[in-house]
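Each chain, written out:
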Amino acid sequence: MDQPRPIAHRLKLLLLGTSTALLVGAAADSVRLRGERWLAPGMRVSALTSQPRECLDPDADARLVAIGRAAFRDPLLLGGQGARAQLSCATCHPSGRSNPAFLLPELSDKPGTADVTSSLMSSHRGNGVFDPKPIPDLTAPNKVSRDPASSALATFVHGLITEEFDGNEPPPLAFEGLLAYLRALRACRPDTRETIAVDAAIADTTAAMRAASDALDLGDKPTARLLIGAARMRLGNIDERYDLPAVERDRPAIATADRQLLALQLALDRGDDIAPRLAAWRFPPALATRLRRDAPRSLYDPAVLAGSIAN
């Protein structure tokens with residue numbers, strides 16, 4: 001099992017080697033946010049400050065969908081080179097939609113495409129041919145049945161994780177939740193975009209921790225551990241947005257929150273009963289207040305971001 005790493009390390013994580021160095025694109029010192037590495041020049045500001053609105057079936061199992069939603073946003077679910085590049089399902093499918101700004105060297109020939117049979121990502125499905133395809137919208141009808149009575153979606157998603165990305169076998173509840181989330185996705189009416197804001201990141205962190213608590217209650221420790229990792233990833237997303245002189249005073253408190261979650265992961269690994277601590281966890285209120293107050297001077301602000309990133 002990979003050892004969990006603190007925010008400062010994870011935000012600097014890059015793929016190693018010549019081919020994988022090409023994968024992450026821009027050098028670490030030329031980008032502010034990880035997302036810049038897989039976004040087309042000229043489209044980065046828009047893609048990093050807004051995203052499609054997410055719509056879900058209101059009749060779906062809310063607890064199971066929440067577990068899948070957190071896993072969908074966690075690179076560790078995919079594993080392999082994707083995780084090393086910190087790519088998650090949501091990277092190509094924000095809010096379950098397509099990503100017309102996605103552009104990654106050696107995987108894309110134009111924005112909005114990806115080669116799903118690349119040898120760079122998969123030892124199982126790599127075909128030695130550069131053949132990118134448009135990234136699909138997961139809310140649109142497709143060739144894979146989402147009927148719960150059919151095994152088609154489970155077979156497809158399992159192959160994507162374990163073969164297309166060379167990932168490990170997903171924990172049972174995380175996998176079940178992921179299928180529930182994919183089945184619950186709906187096209188929004190009207191189809192609009194929403195601002196990427198710190199409030200949403202705080203909410204996503206909280207939701208991932210609540211989902212981790214539910215997974216532990218349901219007896220799936222590996223899923224609980226994965227989802228604590230998803231919460232830590234969301235903290236990392238917040239941290240990099242405050243990596244500016246005007247707001248860097250907030251970062252030590254983010255790191256402290258991350259260490260608390262790391263301690264929970266390590267306690268779970270030791271076999272400790274962390275259920276009460278997990279259920280009681282709340283995003284630190286004082287930190288949330290400071291983050292909201294300072295957001296206009298952080299990289300959540302479109303004008304600040306536009307002046308800071310390599311666009």
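That block above? That's the structure.
Bear in mind the structure is a predicted one, so any value in this text is a computation, not a measurement.

**Student:** Could you give an account of the overall build of the protein chain, with specific residues and numbers?
**Tutor:** Check the secondary structure of the protein chain and you find 15 helices and six strands. Counting over 311 residues, the protein chain shows a buried share of 51%. In the protein chain, 70% of the contacts between residues at least 6 apart in sequence involve partners at least 24 apart. Per element, the accessible surface of the protein chain, about 14,200 Å² overall, is 56% carbon and sulfur.

**Student:** Help me get a handle on the packing of helix α12 (residues 251-270) against helix α14 (residues 285-294), residues and values and all.
**Tutor:** Look at α12 against α14: their axes get within 10 Å of each other, and the N-to-C directions meet at 140 degrees. With respect to α14, the element α12 is oriented oblique. Regarding α12 and α14, the two cross each other, and that crossing is left-handed. Across the interface between the two elements, Ala253, Ile254 and Ala257 of α12 pack against Leu287, Arg290 and Leu291 of α14.

**Student:** I'd like to hear about unusual backbone geometry, residue by residue, with values.
**Tutor:** The step from Arg189 to Pro190 runs through a cis peptide bond, and the omega angle for that step is 0 degrees. A positive phi angle, near 60 degrees, is found at Gln86, a position not held by glycine. Position of Gln86 among the secondary structure elements: in the loop between α6 (80-84) and α7 (89-92). We note that Asp166 has phi near 55 degrees; this positive angle belongs to a residue other than glycine. The topology assignment puts Asp166 in the loop between α8 (152-164) and α9 (172-184). A relative accessible area of 25% places Asp166 in the partly exposed class.

**Student:** Account for the environment of Thr192, naming residues and giving values.
**Tutor:** Mapped onto the secondary structure, Thr192 falls in the loop between β5 (185-186) and β6 (193-195). Its relative accessible area of 33% is what places Thr192 among the partly exposed residues. Distance in space between the C-alpha atoms of Thr192 and Glu54 is 9.3 Å, their sequence separation being 138 residues. Contact partners of Thr192, with chain neighbours within four places excluded, come to Gln51, Pro52 and Arg53.

**Student:** Go over the state of the cysteines, please, and point to the residues and values.
**Tutor:** Taken as a whole and assessed by the stated rule, the structure comprises one disulfide. Paired by a disulfide, Cys55 and Cys188 hold their sulfur atoms 2.0 Å apart. Between Cys55 and Cys188 the sulfur-sulfur dihedral comes to about 120 degrees; the bridge is accordingly right-handed. With Cys55 in strand β2 (residues 55-56) and Cys188 in the loop between β5 and β6, this residue pair connects regions lying 133 residues apart in the sequence. A single burial state applies to Cys55 and to Cys188, both of which are buried. Between Cys89, a free cysteine, and Cys92, which holds the nearest cysteine sulfur, the sulfur-to-sulfur gap is 8.8 Å. By relative accessible area, Cys92 is classed as buried at 19%.

Each value, and the rule that gives it
- Residues numbered from 1 in each chain as written.
- Predicted model: local features only at pLDDT ≥ 70, side-chain atom pairs only at ≥ 80, totals over all residues.
- Heavy atoms only, no water.
- Helix = DSSP H or I, 4+ residues; strand = E, 2+ residues; numbered from the N terminus.
- Buried < 20%, exposed > 50% of the residue type's maximum accessible area, 1.4 Å probe, protein only.
- Contact = heavy atoms within 4.5 Å.
- Areas by Shrake-Rupley, 256 points an atom, 1.4 Å probe, with all protein chains shown as cover.
- Axes fitted to C-alpha atoms, helices over the stretch in contact; angles between N-to-C directions.
- Parallel < 35°, antiparallel > 145°, perpendicular 65-115°, else oblique.
- Left-handed = near helix turned anticlockwise from the far one by under 90°.
- Disulfide = S-S within 2.5 Å.

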